[in-house]
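Architecture and fold: a report
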Amino acid sequence: MSFAAKLIPLSLRPIYEKVLEGERITDSDAELLYASNDLNALGSIANILRERKNGNVATYIHNQYINYSNVCILACQFCAFGARKRDAHAFELSIDEVVEKVRAGLTTGITEVHMVGGLHPTLPGDWYLELLTKLRALDPALFLKAFTAVEIRHLAERVFRKPIRDTLVMLREAGLGAITGGGAEIFDPAVRDKICRGKESAEEWLEVHRIWHELGMRSTATMLFGHIENHAQRVDHLRRLRGLQDETNGFTGFIPFAFEPEGARPELKHIPYATAHEALKNLAVSRIYLDNFDHITAYWVSLGLPLAAVALNYGVDDLHGTIREEKIFHMAGATTPQAQTISAMEKAIREAGREPMQRDTWYRRISSTAVVAQPPELALKS
Ligand code: SF4
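Residues numbered from 1 in each chain as written. Predicted model: local features only at pLDDT ≥ 70, side-chain atom pairs only at ≥ 80, totals over all residues. Heavy atoms only, no water.

Turning our attention to the sheet that holds strand 2 (residues 63-67). Pairing is parallel across the open sheet formed by three strands, whose spatial order is 2-3-4. Sheet topology places strand 2 and strand 4 (143-146) at the edges, where each strand pairs with a single neighbour. The sheet shows a mean angle of 20 degrees between the axes of neighbouring strands, taken without regard to direction. Here strand 3 (residues 112-116) pairs with strand 4 via four bridges, running parallel. When the bridges of strand 4 are listed, M115 appears paired with A146. (Pairing = 2+ DSSP bridges. Helix = DSSP H or I, 4+ residues; strand = E, 2+ residues; numbered from the N terminus. Axes fitted to C-alpha atoms, helices over the stretch in contact; angles between N-to-C directions.)

Next comes the structure, spelled out in structure tokens:
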């Protein structure tokens, strides 16, 4: 038996062997992993997959977040970002204001804009199309990643009044390059009813991503953990993501976020913030379970950069982006910085013993503007 295997407790050794052999773990394996508090064993197993897929490289993207408006017709219980028009913290940027922010970002070399907002009750369809067109015109090489699945449904059903597929095609023609993974939360319907009543169901979230992938496009997937969900509900969430990835191969990466209780509604405010231990465990189990995902991201906005860097040895191979201006988690009470510099990201990665590499939206490794390594297999399943 190898030295590494001796460090794995007996109860987890069958899972370790499966991962070594490239075999997929089951839902009950994942629950066993979640039940373990042997973080080093979980990290060791997760790193087998992490290193098989990505070697010693850890990536980040130089990107810019934009929230065009937080005005929203829903009122998810966990959300401190959404507002009614009359609320003091409501905001709406004009198209010109968004363009100016992005123009400023481009002077720093950003390669991606990541843009989401609330479900705005009155902005017309032309506003969204003009926004994308003007951003595209700023720099055709700039990648426009925008809108969560629930925003896409809102645009399709209430704004454009068209099928989701037609709406996505129209947005793509205006410049949309990828949709974001937000809004997945936890797929279990009973949990959704308590944290985001009225939001789209799991099936509806997955349908938007399925259609986007069928159009030959890619997206990311997320999970909001550390609130009222249990481990079985997390496994159910991961199972549905793994299932869609088996169908389409359209997800580029998986990004779990820890719930921020401070800005939540009173019924959720008492929940303690997920511990560092739980956050690392969740990342490691996700890495092991999602064997068909190439990349697992530690979201420094919610973890803090030091813990996100530690996660690079617990299955994670990506630290997300420089961001420039994060609002959603900070309105909810996050105390991390609102942005990171490239040098801070690279320093954190080096300190974790990994090799830093800037990436583009597809996780292709880049140096300045040149693609230096081929992407993972981008072929989508038909
Ligand atoms: S999470 Fe999104 S959909 Fe829900 S209230 Fe907040 S902005 Fe609106």
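Picking up after the structure, the text goes on.
Right, let's get into the site of the ligand. In the region of the ligand, the neighbouring residues are C72, L74, A75, C76, F78, C79, F81, G82 and K199. Broken down by class, the residue content of the shell around the ligand amounts to seven nonpolar, one polar and one charged. (Near = heavy atom within 4 Å. Nonpolar A, V, L, I, M, F, W, Y, C, P; charged D, E, K, R; others polar.)

Here we come to the environment of E267. Checked against the element boundaries, E267 lands in helix 12 (residues 266-269). Given a relative accessible area of 43%, E267 falls into the partly exposed group. The spatial distance from the C-alpha of E267 to the C-alpha of F78 is 9.2 Å, given a sequence separation of 189 residues. (Buried < 20%, exposed > 50% of the residue type's maximum accessible area, 1.4 Å probe, protein only.)

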